[in-house]
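Structural description and commentary
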Amino acid sequence: MNWTPELLNKVEDFCHSGYTNAQIAKKLENDGLFVTKNAVKHVCTDHHFSRGNRSNDDHGNIQKVDGNEKESVEQDIDYNDDETIRNARITYRYMSFRDKKKKSPKQILKYAGYDPDKWILVSAHPNEWTVTSANEAPKWNFQFKISIKPKTQSDLSTDDLIKLFNEKIEPIKLIKTGISGKHNLVIACSDFHFGITKFKDVENRLVELIDLIHRGWKQIVITQLGDLLHSDALNSSKTTKGTELDPIDFVQAVRDAERFIFPIIEESYKYSDSMQMFNINGNHDETTSFMFQEMLRAKYPEMDIKVNNSYREAFVVGKSVGLLALHGHAAKTKAPMLFATEYPEIWSKSTYRMVLYGHFHKEVVNDDFGVVEHQVGTFKKTDPYESKNGYTMATKKMECFEFDDQTLKDIHYI
């Protein structure tokens, strides 16, 4: 490449206008000149071209901070095919930043002019050196280099998750309709796997379930039997134990779960004399489901919403119906005896005993040993793993159980 005075003047103008090395190389390429961004970088450095007049936006251009004319910036940015930024490496020479005591990733990004909600700090390397000035007095220089990349869905942090679950949460006060009934309803929410299941897949199911709730009930118990969300991880899709899963959009999974669960809670509260809800640990979403339940408790402070970190929970429906709820991945075969051993008071006073669990995504009923064991199904959408292994033949449904004060009266399939 022959760097003529005319070409050098053009590069200097681009550099002074705030263009990056890669952008300058692209502009020269458009003029029929083949030059790499590294070549541009060397020319700009060798000729000490000014890097001033940079705008502060999300495209890697940085303006001078605090009006310090002695501060300088050098950037090396990689672009995707669609001209969006893949990553960027920036060098700053700031004396003012050296004096700041706190240098968290968020603060470094803010100081450099990047939005921490949109960018991730990959690395930061500070260093210092001295040079001898004209009067032979030593002069300290401070520099730090940072590497950043745009934040994507897979880069959610724990703080991002907390922000997601608490987004626009305001305590809601609901007014009872005065409509109730003589019977009790247990809504078994099991293995919805939002992330694989989308709200549009179950919107009609929700309408049907709300119609059932609107009949009016003396007592409604909402049992969240686990695996509400498909993944227990933020930056990847995996179970609580770390088993890799098919990828999902976690943010959308939470919002789809909210759109389905919120109306169930609100309508159950309005159309019953009393309403309770609790959560059981599943094998897919032990942590994320717990946080979801905590969000529900904060959103509906007047309601009886229990936040459990447990694998089993017993409760009473009506006067003498005792139920034990679990997910089904642990201690399923011991459930009747665990019911009697761990909850002897409920067991002894019950005229009808039931164990509710899911996990296997199909309905199975076993009436034995004085306990009706009811494995509930799910309307979960088939995922690639189930399709590959042929786990596709179960009926897509959920169950709601209607009791009077002493026994089971009906099962409603949604």
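The structure under discussion appears in the preceding block.
As a starting point, this report considers the structure included with it. Everything quoted here is computed from the prediction, not taken from an experiment. Along each chain, residues carry numbers from 1 onward, in the same order as the chain's sequence is written. Where totals are concerned, whole chains, interfaces and linings use all residues; where local detail is concerned, this predicted model gives features only for residues with pLDDT of at least 70, and gives and counts side-chain atom pairs only at 80 or more. In computing side-chain properties, one takes all heavy atoms of the structure into account and sets aside hydrogens as well as water.

1. With respect to the sheet that holds strand β10 (residues 321-326)
Here is the rule we go by: Any two strands between which DSSP finds at least two bridges are classified as paired. Numbering goes from the N terminus for both helices and strands, where a helix is a DSSP run of H or I of at least four residues and a strand is a run of E of at least two. For every element, the axis is a line fit to its C-alpha atoms; helices are fit only across the contacting stretch, and the angle between N-to-C directions ranges from 0 to 180 degrees.
Here five strands make up an open sheet; going across it, the order is β9-β10-β11-β13-β12 and the pairing mixed. This sheet does not close on itself; its edge strands, each paired only once, are β9 (312-317) and β12 (364-368). Ignoring which end each strand starts from, the neighbouring axes of this sheet average 20 degrees apart.

2. Describing the environment of Asp-405
The condition that has to hold: Throughout, a contact is declared for two residues whenever any of their heavy atoms are within 4.5 Å.
Along the chain, Asp-405 falls in the loop between β14 (399-403) and β15 (408-413). Along the backbone, Asp-405 and Thr-351 are 54 residues apart, and their C-alpha atoms lie at a distance of 9.5 Å. In this structure, Asp-405 is in contact with Asn-184, Lys-218, Val-317, Gly-318, Lys-319, Ser-320 and Val-321, ignoring residues within four places of it in sequence.

3. Comments concerning the pattern of salt bridges
Filter applied, for reference: Here, a salt bridge means any side-chain nitrogen of Lys or Arg that lies within 4 Å of a carboxyl oxygen of Asp or Glu. Relative accessibility under 20% of the residue-type maximum defines a buried residue, over 50% an exposed one, and the middle range a partly exposed one, all with a 1.4 Å probe and only protein chains included.
Counted under the stated rule, the structure contains eleven salt bridges. Where Lys-218 meets Asp-405, a salt bridge forms, and the shortest distance between an N and an O atom there is 2.9 Å. A residue pair is termed long-range when its members are at least 10 positions apart, and Lys-218 in strand β6 (residues 217-224) and Asp-405 in the loop between β14 and β15 qualify at 187 residues. Overall, the relative accessible area of 27% leaves Lys-218 in the partly exposed class. A residue is classified by how much of its surface remains accessible, and Asp-405, at 14% relative accessible area, is buried.

4. Details of the sheet that holds β6
Spatial ordering of the open sheet is given by β8-β7-β6-β5-β14-β15, a layout of six strands whose pairing is mixed. Since the sheet does not close on itself, it has two edges, and those belong to β8 (304-305) and β15, each with one partner. Strand contacts of helix α9 (residues 286-299): β7 (272-279) and β8, with the helix running at about 150 degrees to β7, the strand carrying the most contacts.

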